[in-house]
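Here is how the chains run, residue by residue.
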Amino acid sequence: MEAGRVLAQILWLFLVVPALIVFGAEAFTGTYGINYGRLADNIPSPDKVVKLLKASKIKNVRIFDSDQSVLEAFSGSGLELTIAVNNGLVKEMSSNEGQAVKWVKENVESYQYSNIVGVAVGNEVLGGDQELSAALLGAVKNIYAALQKAQLSDKVMVSTAHSQAVFNNSFPPSSCVFAENVVQYMKPLLDFFASIGSPFCLNAYPFLAFMYNPGKIDINYALFEKTTNIFDPKTGLYYDNLLDAQIDAAYSALANSGYKKMEVIVTETGWASRGDANEAAANLTNARTFNYNLRKRLAKKKGTPLRPKIPLKAYIFAMFNENQKTGPTSERNFGLFKADGSIAYDIGYKGLKSSSADSSLKLFKDLRYRSGYGSYLLTFMMCTLSSLLFLTR
Ligand SMILES: *[C@@H]1O[C@H](CO)[C@@H](O)[C@H](O)[C@H]1NC(C)=O
Ligand SMILES: *[C@@H]1O[C@H](CO)[C@@H](O)[C@H](O)[C@H]1NC(C)=O
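Scoring rules and cut-offs
- Each chain carries its own residue numbering, running from 1 in the direction its sequence is written.
- Each chain gets a letter, beginning with A, and each ligand a number, beginning with 1, in the order they are written.
- Local features are withheld for residues below a pLDDT of 70 in this predicted model, meaning they are given only at 70 or higher, and side-chain atom pairs are given and counted only at 80 or more; totals for whole chains, interfaces and linings count all residues.
- UniProt positions are given in the numbering used here, feature names are shortened, and annotations may be inferred rather than shown by experiment.
- Any residue qualifies as near a molecule or strand once its backbone-derived C-beta atom lies within 6 Å of it.
- Gly is placed with the polar residues, together with every amino acid not listed as nonpolar (Ala, Val, Leu, Ile, Met, Phe, Trp, Tyr, Cys and Pro) or charged (Asp, Glu, Lys and Arg).
- A run of H or I in DSSP becomes a helix once it reaches four residues, and a run of E becomes a strand once it reaches two; helices and strands are each numbered from the N terminus.
- Put simply, a nonpolar core is buried Ala, Val, Leu, Ile, Met, Phe, Trp, Tyr and Cys residues tied into one set by C-beta atoms within 7 Å.
- Each residue is classed by its C-beta neighbour count within 10 Å, where at least 20 other C-beta atoms makes it buried, 12 or fewer makes it exposed, and intermediate counts make it partly exposed; the C-beta atoms are placed from backbone geometry.
- Throughout, a pair of residues is in contact if the C-beta atoms placed from their backbones lie within 7 Å.
- Confidence of the prediction at every residue is given by pLDDT, a number between 0 and 100.

- An unreviewed UniProt entry annotates the chain as glucan endo-1,3-beta-D-glucosidase of Kalanchoe fedtschenkoi.
- Looking at the Sequence similarities (unreviewed entry) heading of the UniProt record, one finds this comment for the chain: "Belongs to the glycosyl hydrolase 17 family."
- Annotation of the chain in UniProt includes, under Catalytic activity (unreviewed entry), the sentence "Hydrolysis of (1->3)-beta-D-glucosidic linkages in (1->3)-beta-D-glucans."

If you want it as structure tokens, here you go:
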């Protein structure tokens, strides 16, 4: 191990870890969160997951459905949970107000001790199927109205996460705009979210941008390592990492359509630790470097170059490797934890060494699933489109 790395780890121990502990109690409720996807038949039961999250001091958690066993396990845990109306339910929630009321009653009101702080309506809908895109706003409004009716709209934030397929990027970040085919759905959605104070939720993967633009992006830029900074001539700002550039592109698209005040939060980002032969960047070293540096980046509670005063908040994708996901091998290897609950690679979590891997691992057959990240093709298209954003020279 080279000297620089050792020094960095020492600095991490002395500077960052104490900072996490100091802020851990209250104000930390938001810069570092995690996605808890469950498309796996070999991961720990939800109550063990709650213990794991508490041991790793991760407070903010997103799930991709509203699974009852998870909601029960989170009850009284103090963790902050965002649940989801999955894509399969969006049309029904949109066309049928009563169904939205029923959904909120059964999945939010019934779990008043589960500390549900958010409902994500659909995942990566815009930029994909037109009918679903057309239904999204109605579903969002009906869920919000149902929460209002239950007097929960002040406590539970309604949002929807977007993939980068919603953008039509060009270099530099400041000139990013929404893609033409999503503008008609995006504008009214943003009007509504602006009126209820919801942020813009972005799923941003430097990993994908790097992989699909071979030879064009410096790996160090994608991994928050030392690199040649990227200059945005319009704003005069420099970028030392790809994630910040992706977020500022989103801020720019919002500002360019008149939503200058809306906050961007990252609802998914991560790096796969294993991949197929054509996914060479998906390896343990890169995954560890990305997640280690990302954790440091978030612990600083700094904004991006374009929005320096808004501390960056991100949910890591994901908690576990998920063996039942389809697609390329990388898809099943985004976990910070292995299926048995042991850490996949060390990024400086305290209190987590090996697992409590007793054999009572519960089988999860419930595949009321997350329906978003599968839109691999769209993400691919977007990454290609946006490649110019990330060219290093
Ligand atoms: C992106 O912008 C260019 C230039 O304005 C336009 O020709 C193209 O159709 C746009 N693509 C999308 C997907 O919006
Ligand atoms: C991981 O991939 C990087 C290139 O992205 C390469 O430099 C490195 O050697 C790889 N590490 C391992 C352990 O394969």
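On we go.
### Here we look at the site of ligand 1
Line of reasoning, step 1. By nearness alone, every residue bordering ligand 1 is listed as Asn168, Ala179, Glu180 and Asn181.
Line of reasoning, step 2. For the shell around ligand 1, the class distribution of residues is one nonpolar, two polar and one charged.

### Regarding the site of ligand 2
Line of reasoning, step 1. Around ligand 2, the structure places Ile219, Ala280, Ala281, Asn283, Leu284, Thr285 and Asn286.
Line of reasoning, step 2. When residues of the shell around ligand 2 are assigned to their parent elements, the largest contribution, three residues, is made by helix 11 (residues 284-299).
Line of reasoning, step 3. A per-class count over the shell around ligand 2 returns four nonpolar, three polar and no charged.

### Structural notes on the nonpolar core
Line of reasoning, step 1. Ranked by size, the top nonpolar core spans 106 residues in total, and within it Val85, Leu136 and Ile143 carry the most contacts.
Line of reasoning, step 2. When residues no more than four places from it in sequence are discounted, the contact partners of leucine 136 are Val90, Gly122, Val125, Leu126, Thr160, Tyr185 and Leu189.

### Notes on the confidence of the model for the chain
Line of reasoning, step 1. Residues of the chain with pLDDT of at least 70 account for 81%, and the chain-wide mean is 85.
Line of reasoning, step 2. Across residues 6-28 the pLDDT falls below 50, and counting only partners more than four positions away or on other chains, this stretch makes 13 contacts in the model.
Line of reasoning, step 3. Residue range residues 353-393 is modelled with pLDDT below 50. Its contacts to residues more than four positions away, or to other chains, number 94 contacts.

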